[in-house]
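As a plain string of letters, each chain reads:
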Amino acid sequence: MTSHVRGERRAVEVFAAFLKLGLTAFGGPVAHLGYFRDEFVIKRKWLEEKDFADLVALCQFLPGPASSQVGIAIGLARAGYAGAVAAWTAFTLPSALALVTFAYGISLFGSALGSGWLHGLKVAAVAVVALAILGMARTLTPDRERASVAALAAVTALVIDSVWGQIGAIVVGAIAGMTVLKREAVPADHFGATPRTNRAIAIFALAVFAILLVGLPVVSAVSGNADLRLFDTFFRTGSLVFGGGHVVLPLLQAQVVPPGWVSNDAFLAGYGAAQAVPGPLFTFSAYLGAAIGGWKTAALCLVAIFLPSFLLVIGVMPFWDALRRRTATRAMLRGINAAVVGLLLAAFYNPVWTSGILSKGDFGLAVVAFVLLLVWRTPPWLVVVGCAVCAELLAAL
């Protein structure tokens, strides 16, 4: 069997494995990593435990959706660049299609935008984001220094109510990490193997990433092309999000709601619906694209928000071991992660809380949803559906 045929078969194998996960992996990024470990380390034995931990560490270091990046890296390790594309496509497509369908449903029944079930999705978002904040705070802000960084980042994001506030909060976290937080070395035996990529291709990928990040805003402003402006918006968002899918909420809200591309109600309804589907939360971008301009715009936004992940995973892989041994790099990352908690806290107040909690009934429903998620470990999709039904019943009463 030639290496070309073997590579094609492996890519098909990767696609089939990730399609199963794309249809069944509910619960968000942390749960996705658990599914990946069970599927690729325990069952299929594509990776050793140490290698899997190494990939997770890499993708936590990079901006973007960590679980999707781990999937891209696993596909890359198993079947090369075709495997990386196959893994991303199969894991992303089911939830993207579901959310595009939901966006078309809202478009067709626009008069129902203020109805009870739709408001229930916004109440569900309150519980989901609150749980995300709690979980991330336990891990990323366990001491007073990092908790203070999170608070400062939240204030920065609230005072500067735009995308510059989000960027400023991340910069605050990075500076605090390098100057205030303790620098902790990682034990040498922590460094496992990572998928190897050609250094020339890696440098090219990083160059493309930098050119797009800097050049797209200029080109889109000069050309005035609406599609190019959208591509720039979602590419920049995918390039700046640290900490997982929930943190995309404030960045996208600041980008798409003020210009009037999507109403705040439709934005939060889509975010609530995104909790009810499996796969990566970044497929929320497909919903927004469909709400803005149909399925072609949905595809444009989906590709744009994930493209930085591809370029960064391919570009950083050959240099990762040396980079992460630097204590200064790890300290900066700890500061950025603390700032991410602050960003999510600011988003929890506005727009999630201010749009979702409008009455005592809303507050009671959000508390019940939060307890179901935290204490009873109820699947998020079931909580989202329950909130929609209960809110509709409350509206009818």
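Worth saying up front: this structure is predicted, and the values here are computed from it rather than measured.

### Considering the nonpolar core
Thinking step 1. Within the largest apolar cluster, 125 residues are counted, with the highest numbers of intra-cluster contacts made by Phe 18, Phe 36, Ile 74, Phe 234, Phe 267, Tyr 287 and Leu 288.
Thinking step 2. At 18 residues, helix α4 (residues 66–108) tops the list of elements feeding residues into this core.
Thinking step 3. For Leu 288, the contacting residues outside a window of four places in its chain are Phe 234, Leu 252, Val 256, Val 262 and Phe 267.

### Thoughts on the environment of Ala 153
Thinking step 1. Tracing the backbone shows Ala 153 in helix α6 (residues 144–159).
Thinking step 2. For the pair Ala 153 and Gly 168, spaced 15 residues apart in sequence, the C-alpha separation works out to 7.9 Å.

### Brief notes about unusual backbone geometry
Thinking step 1. Across the junction of Asn 350 and Pro 351, the peptide omega takes the value 20 degrees, indicating a cis bond.
Thinking step 2. Along the chain, Pro 351 turns up in helix α15 (residues 327–356).
Thinking step 3. Look at Lys 45: it is not a glycine, yet its phi comes out positive at around 55 degrees.
Thinking step 4. Mapped onto the elements, Lys 45 comes out in the loop between α2 (29–43) and α3 (49–61).
Thinking step 5. In the Ramachandran plot, Arg 377 falls in the positive-phi region, its phi being about 55 degrees despite a non-glycine side chain.
Thinking step 6. Along the polypeptide, Arg 377 turns up in the loop between α16 (360–374) and α17 (380–396).

### A look at α17
Thinking step 1. Taking 1.5 Å as the rise per residue, α17 with 17 residues should run 24 Å; its terminal C-alpha atoms sit 24 Å apart, in good agreement.
Thinking step 2. Three or more residues of α17 are buried, namely Val 383, Val 384, Cys 387, Ala 388 and Ala 391. In a view along the axis of α17, the buried residues occupy a sector of 140 degrees, so they form one face of it. Structural note: α17 exposes Leu 393 and Ala 396 on the side pointing more than 90 degrees away from its buried face.
Thinking step 3. Buried positions along α17 lie against α5 (116–140), α11 (264–274) and α16.

### Concerning the packing of aromatic side chains
Here a ring pair, both rings aromatic, is described through the centre-centre distance and the interplanar angle of the planes.
Thinking step 1. Counted by the stated rule, this structure contains 18 aromatic pairs.
Thinking step 2. Between the aromatic rings of Phe 231 and Phe 235, the centroid separation amounts to 6.4 Å while the plane-to-plane angle is 15 degrees, which identifies the pairing as stacked. Taken together, the residues Phe 231 and Phe 235, both in helix α9 (residues 226–240) and four residues apart, mark about one turn of the helix. Both residues of the pair, Phe 231 and Phe 235, belong to the buried class.
Thinking step 3. When the centroid spacing of 5.9 Å and the interplanar angle of 55 degrees are considered together, the rings of Phe 282 and Phe 306 count as tilted.

What counts and what doesn't
- Residues numbered from 1 in each chain as written.
- Predicted model: local features only at pLDDT ≥ 70, side-chain atom pairs only at ≥ 80, totals over all residues.
- Heavy atoms only, no water.
- Core = buried A, V, L, I, M, F, W, Y, C linked by side-chain atoms within 4.5 Å.
- Buried < 20%, exposed > 50% of the residue type's maximum accessible area, 1.4 Å probe, protein only.
- Helix = DSSP H or I, 4+ residues; strand = E, 2+ residues; numbered from the N terminus.
- Contact = heavy atoms within 4.5 Å.
- Expected span 1.5 Å × (residues − 1).
- Arc of directions from axis to C-beta.
- Phe/Tyr/Trp six-rings, centres within 6.5 Å; stacked < 30°, edge-to-face > 60°.

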